[in-house]
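Residues per chain, in single letters:
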Amino acid sequence: MIRVHHLQNSRSQRVLWLLEELGMPYEVVEYRRDHQTLRAPASLKAIHPLGKSPVISDESRDGRVVAESGAILEYLLDQHDPESRLRPLPGSAAHERYRFWLHHAEGTAMPPLVMRLVFSRLSKPPVPALVRPLGRLFAKGVEQQFLGPEIRSLRAYWESALTESPWFAGESFSAADIQMSFPVLALAGRGGLEGYPKLQAFLERCRARDGYRKAVEQGGEFQIN
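Residues numbered from 1 in each chain as written. Predicted model: local features only at pLDDT ≥ 70, side-chain atom pairs only at ≥ 80, totals over all residues. Heavy atoms only, no water.

Peer 1: Any chance you could explain the packing of helix 3 (residues 93–120) against helix 4 (residues 132–161) here in plain terms?
Peer 2: The description of two helices packed together rests on the angle between their axes and the distance between the axes. At a closest axis distance of 10 Å, the pairing of helix 3 and helix 4 adopts a crossing angle of 155 degrees. Considering their axes alone, helix 3 and helix 4 lie roughly antiparallel with respect to each other. Of the two possible hands of crossing, helix 3 and helix 4 adopt the one that is left-handed. Taken together, the residues that form the contact of helix 3 with helix 4 break down as 17 nonpolar, 3 polar and 4 charged. (Axes fitted to C-alpha atoms, helices over the stretch in contact; angles between N-to-C directions. Helix = DSSP H or I, 4+ residues; strand = E, 2+ residues; numbered from the N terminus. Parallel < 35°, antiparallel > 145°, perpendicular 65-115°, else oblique. Left-handed = near helix turned anticlockwise from the far one by under 90°. Nonpolar A, V, L, I, M, F, W, Y, C, P; charged D, E, K, R; others polar.)

Peer 1: Any chance you could explain the pairing of strand 2 (residues 26–31) here in plain terms?
Peer 2: Walk down a regular strand and you will see the side chains alternate between the two sheet faces. Where strand 1 (residues 2–7) meets strand 2, 6 bridges bridge the pair, whose relative direction is parallel. When the sheet's bridge partners are listed, Val-4 is paired in strand 2 with Val-28. Following the chain from strand 1 across helix 1 (residues 12–22) to the adjacent parallel strand 2, one finds a crossover that is right-handed. (Pairing = 2+ DSSP bridges. Right-handed = clockwise from strand over helix to strand, strands pointing away.)

Peer 1: Would you mind going over a nonpolar patch on the surface with me for this structure?
Peer 2: A surface patch of nonpolar side chains, amounting to about 360 Å² of accessible area, comprises Leu-130, Val-131 and Leu-134. Following the sequence through the fold, Leu-130 ends up in the loop between helix 3 and helix 4. (Patch = residues over 30% accessible without salt bridge, like charges linked within 9 Å, V, L, I, M, F, W, Y side chains within 5 Å. Areas by Shrake-Rupley, 256 points an atom, 1.4 Å probe, with all protein chains shown as cover. Salt bridge = Lys/Arg side-chain N within 4 Å of Asp/Glu carboxyl O.)

Peer 1: Help me understand the nonpolar core in this model?
Peer 2: Most often, soluble globular proteins keep nonpolar side chains buried together rather than apart. Residues Leu-18, Ile-56, Leu-76, Trp-158 and Phe-168 are the most contacted members of the largest nonpolar core, which totals 52 residues. Among the elements of the structure, strand 1, helix 1, helix 2 (69–80), helix 3, helix 4, helix 5 (175–188), helix 6 (197–208) and helix 7 (210–219) are those that each provide at least two residues to this core. The element that contributes the greatest number of residues to this core is helix 5, accounting for 9 residues. Ignoring any residue separated from it by four or fewer positions in sequence, one finds Leu-76 in contact with Ile-2, Val-15, Leu-18, Leu-19, Leu-22, Met-24, Ile-56 and Asp-81. (Core = buried A, V, L, I, M, F, W, Y, C linked by side-chain atoms within 4.5 Å. Buried < 20%, exposed > 50% of the residue type's maximum accessible area, 1.4 Å probe, protein only. Contact = heavy atoms within 4.5 Å.)

Peer 1: Just to check I follow, could you spell out the packing of aromatic side chains for this structure?
Peer 2: Between two aromatic rings, the relevant description is the distance of the centres plus the angle of the planes. One pass over the structure, following the stated rule, counts 10 aromatic pairs. Seen in terms of ring centroids, Trp-17 and Tyr-212 are 4.9 Å apart; in terms of plane orientation they differ by 90 degrees. Their pairing is edge-to-face. In this pair, Trp-17 sits in helix 1 while Tyr-212 sits in helix 7, placing the two residues 195 residues apart along the sequence. An identical accessibility class is assigned to Trp-17 and Tyr-212; each is buried. (Phe/Tyr/Trp six-rings, centres within 6.5 Å; stacked < 30°, edge-to-face > 60°.)

Listed below in structure tokens is the structure:
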């Protein structure tokens, strides 16, 4: 039994999706974000010192705790996907692509998207009202000079990658697509897929999968607020 410490509207939705694809039994322990700060509750620190999600505990292995979404996906695949149904065989060209996208999702894709989200909140509570106009100007400058061009470059790169095959690692769906779904959903939440048909079709294919739908039923779909 895998216990998923699932934070509302977070990366842990991908862990639920992978578990559904693997057909594994799991238990969801839900946590709610602070309404003002949107941060995870302090109770998550009782599971892992960083107090962040996703985190899993593997009850079949004395409650072993694994954190970080990429590490969790690889751990689950190592333990429960001996037939390599959700990752290409090592040594193949598809596996090289798989490994790249698995790490690209968090290493390169998410930082500018998270920065955009953070800067977008500089003009909203709990930022003091007197400071919000300055925050709005600062955020606008960062968006124009850095975040906008960086995200456009990333989006074009992803679109180009999906012209070669329907999935990021090749012709077959893999855990790399589960990992990449998060930044694509983050863009979609702000209308950022307009004019990018390959990315739109990718997201439609993801949402059409039984594993995805079941994961959403358990933990909800990620949404940008």
